[in-house]
Amino acid sequence: MKKIFYMISAVAALTACSTEGSGSAAEEVVTLDGYTDSLSYYMGNVHGNYVGMSLAQMPEDFTSKIDKKAFMEGFRAALQVDAAHVAQMYGINHGVSLWTQNQIIKNVGVAVDYDKMLSGFSAGLDMDSTRMAELEAADDVLFGLMKEVNQKIIAYQQEQQAKAQSDMQRVAEDNLKAGKDYMARQRLSDESYKLTDTGVAYKIVAAGSGSAPKAQSVVKVIYSGSFTDGEVFDSSEGQPVEFSLEEVIPGFRDAMMLIGKGGKIHAIIPGDQAYGLQAPPSIGPNRTLVFDMELVDILPDKK
């Protein structure tokens, strides 16, 4: 039995909770008053965490269809069912389990006949411990049939991964070209831009005083980072933040090393000196970034 349950579970994990729509609600502030409140909340919270983590590992084309409000409505309805409908709820639970498996099976081009499935399930409900040989035989048949499905699933996943890789490469190339074009336009319109050896375009607004930081220096910086269209993606919000230059993207570090304490610099950082191909989705591969930075202080070496 374990072999087929393992195989089915692997399929189900890829498709659980797939529904139409998308959306999320703001976090609800919950006040816990005593043992019962705490027990109730954390029973739900831990279960929800596991579901959330499972969803986070699923392909985006599934998770984008998940509507949290509809999910919660179904969850609430199940919790409030009365004893007279327990059998029906058991049926729904197992039906949903098979439905989620069927979505992956259908996606890889294998047809599922629900009438035949219902007939098989109905026959299986009459199973008892005296018919274990029959159960094992059915299990062996299904295991053999699922081998082909699993091969199709693996092929489908590989195809999707290859497509995602191809899409990312195309976006990376487009971003790299767009960044180069942007930098060329900026340098053409403003001859005060200079280039570092690594290709970062920069303008020193204020040189500052004293020595510039080193690649390993810990600094206090006020900064704002934007895309070439002007959208701000990150900022210290006017307040100095402390970090080591070893922890930042190469172009940011190189720009910082061009000014002294109190200095300000404007830098256009090409994608290969920013996050490159490993950029988070919110930024995108090889995207050119624009930073305005002020070096507030260089902290003394703690060694």
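The structure presented is a predicted model; accordingly, all values stated were derived computationally and were not measured. (Residues numbered from 1 in each chain as written. Predicted model: local features only at pLDDT ≥ 70, side-chain atom pairs only at ≥ 80, totals over all residues. Heavy atoms only, no water.)

1. Focus on the overall build of the chain
Part 1: Secondary structure assignment for the chain yields 8 helices and 7 strands.
Part 2: Within the span of the chain, comprising 303 residues, buried residues form 26% of the whole.
Part 3: Considering only contacts within the chain whose residues lie at least 6 apart along the sequence, 69% involve residues at least 24 apart.
Part 4: A total accessible area of about 19900 Å² is found for the chain, and carbon and sulfur atoms account for 55% of it. (Helix = DSSP H or I, 4+ residues; strand = E, 2+ residues; numbered from the N terminus. Buried < 20%, exposed > 50% of the residue type's maximum accessible area, 1.4 Å probe, protein only. Contact = heavy atoms within 4.5 Å. Areas by Shrake-Rupley, 256 points an atom, 1.4 Å probe, with all protein chains shown as cover.)

2. Quick word on unusual backbone geometry
Negative phi characterises most residues that are not glycine, and trans characterises most peptide bonds.
Part 1: Although it is not a glycine, Glu237 sits at a positive phi angle of roughly 55°.
Part 2: With respect to the secondary-structure elements, Glu237 resides in the loop between strand 4 (232–235) and strand 5 (241–244).
Part 3: Judged by its relative accessible area of 71%, Glu237 is exposed.
Part 4: A positive phi angle is found at Asn286, which is not glycine, with a value near 60°.
Part 5: Within the secondary structure layout, Asn286 lies in the loop between strand 6 (264–269) and strand 7 (289–298).

3. A closer look at the nonpolar core
Part 1: The biggest cluster of nonpolar side chains holds 24 residues, and the ones touching the most others in it are Val221, Phe243, Phe252, Met256, Ile269, Phe291 and Met293.
Part 2: Going through the elements one at a time, strand 3 (218–227), helix 8 (250–256), strand 6 and strand 7 are the ones with two or more residues in this core.
Part 3: Apart from residues lying up to four places away in sequence, Met293 is in contact with Val221, Ile222, Tyr223, Phe252, Ala255, Met256, Gly263, Lys264, Ile265 and Ala267.
Part 4: Of all hydrophobic cores here, the second largest spans 11 residues; its members include Met58, Ile104, Ile105 and Val108. (Core = buried A, V, L, I, M, F, W, Y, C linked by side-chain atoms within 4.5 Å.)

4. Comments concerning the confidence of the model for the chain
Part 1: Residues with a pLDDT of 70 or more make up 90% of the chain, whose mean pLDDT is 85.
Part 2: Taken element by element, the chain is modelled with least confidence in helix 1 (residues 2–15), mean pLDDT 37, and with most confidence in strand 6, mean pLDDT 97.
Part 3: Between residues 1–25, whose pLDDT stays under 50, and residues either more than four places distant or in other chains, the model counts 64 contacts. (pLDDT = per-residue confidence, 0-100.)

5. Let's talk about the packing of aromatic side chains
Part 1: Applying the stated criterion to the full structure yields 7 aromatic pairs.
Part 2: A centroid spacing of 5.9 Å and a plane angle of 90° characterise the contact between Tyr223 and Phe252, whose relative ring orientation is edge-to-face. Note that Tyr223 is positioned in strand 3 and Phe252 in helix 8, a separation of 29 residues in sequence.
Part 3: Of the residues examined, Tyr223 reaches a relative accessible area of 14% and is grouped as buried.
Part 4: The buried category is assigned to Phe252, whose relative accessible area is 4%.
Part 5: A centroid spacing of 6.4 Å and a plane angle of 50° characterise the contact between Tyr223 and Phe291, whose relative ring orientation is tilted. Separated by 68 residues along the polypeptide, Tyr223 in strand 3 and Phe291 in strand 7 bring together distant segments of the chain. Phe291 shares its class with Tyr223; the two are buried.
Part 6: Put simply, the rings of Tyr223, Phe227, Phe233, Phe243, Phe252 and Phe291 pair up and form one aromatic cluster.
Part 7: For Lys203, the ring lying beneath its charged end belongs to Tyr193, and the centroid distance is 4.9 Å. (Phe/Tyr/Trp six-rings, centres within 6.5 Å; stacked < 30°, edge-to-face > 60°. Lys NZ or Arg CZ within 6 Å of the ring centre and 35° of its normal.)

6. Focus: the environment of Met127
Part 1: Looking at the element boundaries, Met127 is found in the loop between helix 6 (114–125) and helix 7 (132–189).
Part 2: Those residues in contact with Met127 that lie beyond four places of it in its chain are Glu134 and Leu135.

7. What about helix 7?
Part 1: Taking 1.5 Å of rise per residue, 58 residues should cover 86 Å, and helix 7 covers 81 Å from first to last C-alpha, within 8% of that figure.
Part 2: Bending of helix 7 peaks at approximately 25° at the position of Met146. (Expected span 1.5 Å × (residues − 1). Bend = angle between axes of the 7 residues up to and from the residue.)

8. Remarks on the pairing of strand 4
Part 1: Taken together, the 3 bridges between strand 3 and strand 4 define a ladder with antiparallel strand orientation. Bridge pairing in strand 4 links Ser226 to Val232.
Part 2: Here strand 3 folds back onto strand 4, and the loop between the two strands holds 4 residues, one of which, Gly230, carries a positive phi near 95°. (Pairing = 2+ DSSP bridges.)

9. Considering the side chain of Ser236
Part 1: The topology assignment puts Ser236 in the loop between strand 4 and strand 5.
Part 2: Given a relative accessible area of 7%, Ser236 falls into the buried group.
Part 3: If we ignore the near neighbours within four places in the chain, the residues touching Ser236 are Val221, Ile222, Tyr223 and Val241.

10. What about helix 5 (residues 86–107)?
Part 1: Given a rise of 1.5 Å per residue, 22 residues ought to cover 32 Å, and the 32 Å separating the end C-alpha atoms of helix 5 matches this to within 8%.
Part 2: Regarding helix 5, the residues found buried are Thr100, Gln101, Asn102, Gln103, Ile104 and Ile105.
Part 3: Gly109, located one to two residues past helix 5, shows a positive phi value of around 90°.

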